[in-house]
Amino acid sequence: MTSSIMFRSPEARARIAAWFDRFHETLPVPTRSREVSTRFGETHVLVAGPEHAPPLVCLHGALASSAHLLGELAPLLTRYRVHAVDVIGQSVKSADVRLPIDGPAYAEWLTDVLDALGLARAHLLGVSWGGFAAVRMAQVAPARIDKLVLIVPAALVSGSAWQGLTRIAIPMALYRAFPSEARLARLVSGLFSTQDGPWRAYLGDAILSYRLDFRPPPLATPASLAGFTRPALVFGADDDVSFPGAKLLARVKELLPHAETELLEGCRHSPPTDDAFRARLCARIARFLGGDAATDVAGVARRGLTPSESPSTT
């Protein structure tokens, strides 16, 4: 790679690719890696879960990957056929391009992905920047979505510019210019509910490796989402600097009056990355998506089992 829109150097790209492998190695179930073609470039997808289970397409946040997200959704992997898509322009595993944030590009890209996967319609889950892409899909191609789940999504509200500057932007700029554990800790404290673990070290490398792209996506309007009438579930985090939870969920009621909402109390933009929280979150998502999968995932959550320990049938 002689030049890159996404990475500061070939070494930086290799460092992030190694992180993908590390997160992938921790996944509790086997996965299938797929490359699909879209009009914007090649897109990588990690597929896991029973082959004939209901399809659930998942979109991760900025600077992350399919392997990062599958680990956080592990309790869902026993009863859904999860297609974790590496968001183009935001993951080391997909094409090195940036899509325009105005207009239908993200929905066109995701439409191509669904077509390549043979999915006429599927449940769709988006986190943060992936939530923005999912909202775009709801605006442009609502018929392709069965049920929609959004976790701390972008493109619905904006936070305080002052808090964003003091808690996120300045700590990030200082760490990027003068990396140190103390500066990384300050940055992590503004973003993550869990302050240690692999996500902390990964964020440090990601901030130093990516050419950062934090263009704020345009906010959705009631008119732009009027055609989306499918069930929706939206999670907001009460201490989210970027998309404050109470403000987010109030706006959801304007944009999607039929949506269910949940406020994640005591959570920053990145919710807790521990098994107990994952179990509760995934049990709530499974109840919303419905069917036998809801019963199974809720049972796993109650027993405190990981998906690899629970019974698996198709």
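Residues numbered from 1 in each chain as written. Predicted model: local features only at pLDDT ≥ 70, side-chain atom pairs only at ≥ 80, totals over all residues. Heavy atoms only, no water.

Draft legend 1. Molecular detail of the pairing of strand β1 (residues 31-38). Both β1 and strand β2 (residues 41-48) contribute to a ladder of 8 bridges, which runs antiparallel. Bridge assignment links Thr-38 to a residue of β2, and that residue is Gly-41. Between the antiparallel neighbours β1 and β2 lie 2 residues. (Pairing = 2+ DSSP bridges. Helix = DSSP H or I, 4+ residues; strand = E, 2+ residues; numbered from the N terminus.)

Draft legend 2. Layout of the packing of aromatic side chains. Scanning the model with the defined rule gives 10 aromatic pairs in all. Taking the centre distance of 6.3 Å and the plane angle of 85 degrees together, the rings of Tyr-106 and Trp-109 count as edge-to-face. In this pair, Tyr-106 and Trp-109 both sit in helix α3 (residues 105-117), 3 residues apart, roughly one turn of the helix. For the pair formed by Tyr-106 and Trp-109, the shared burial category is buried. Ring plane angle 65 degrees and centroid distance 5.1 Å describe the contact between Trp-129 and Phe-132, whose orientation is recorded as edge-to-face. Placement of the pair is Trp-129 and Phe-132 together in helix α4 (residues 129-140), with a separation of 3 residues, close to one helical turn. (Phe/Tyr/Trp six-rings, centres within 6.5 Å; stacked < 30°, edge-to-face > 60°. Buried < 20%, exposed > 50% of the residue type's maximum accessible area, 1.4 Å probe, protein only.)

Draft legend 3. Seen up close, unusual backbone geometry. Even without being glycine, Leu-63 reaches a positive phi, approximately 65 degrees. When you line up the elements, Leu-63 lands in the loop between β3 (55-59) and α2 (66-72). On the basis of relative accessible area, Leu-63 is assigned to the buried category, the value being 8%. Its identity as a non-glycine residue notwithstanding, Ser-128 has a phi of 55 degrees, on the positive side. Relative to the assigned elements, Ser-128 resides in the loop between β5 (122-127) and α4. Residue Ser-128 is classed as buried on the basis of its relative accessible area, which comes to 13%.

Draft legend 4. Up close: the layout of surface pockets. There is about 1,200 Å³ of room inside the largest pocket. Ser-128, Leu-191, Ser-242, Phe-243 and His-269 are the residues nearest the centre of the largest pocket, which is lined by 49 residues in total. No other element matches helix α5 (residues 161-177), which puts 6 residues into the lining of the largest pocket. By residue class, the composition of the lining of the largest pocket is 33 nonpolar, 12 polar and 4 charged. (1 Å grid on protein atoms, 1.4 Å probe; cavity = no way out; pocket = protein on both sides within 12 Å on 5 of 7 lines; lining within 4 Å. Points joined across faces, edges and corners; volume = space filled by probe spheres on them. Nonpolar A, V, L, I, M, F, W, Y, C, P; charged D, E, K, R; others polar.)

Draft legend 5. Looking closely at the side chain of Asp-112. Its location among the elements puts Asp-112 in helix α3. Overall, Asp-112 belongs to the buried group, its relative accessible area being 14%. Not counting the four nearest positions on each side in its chain, Asp-112 is found in contact with Ser-37, Thr-38 and Arg-39. (Contact = heavy atoms within 4.5 Å.)

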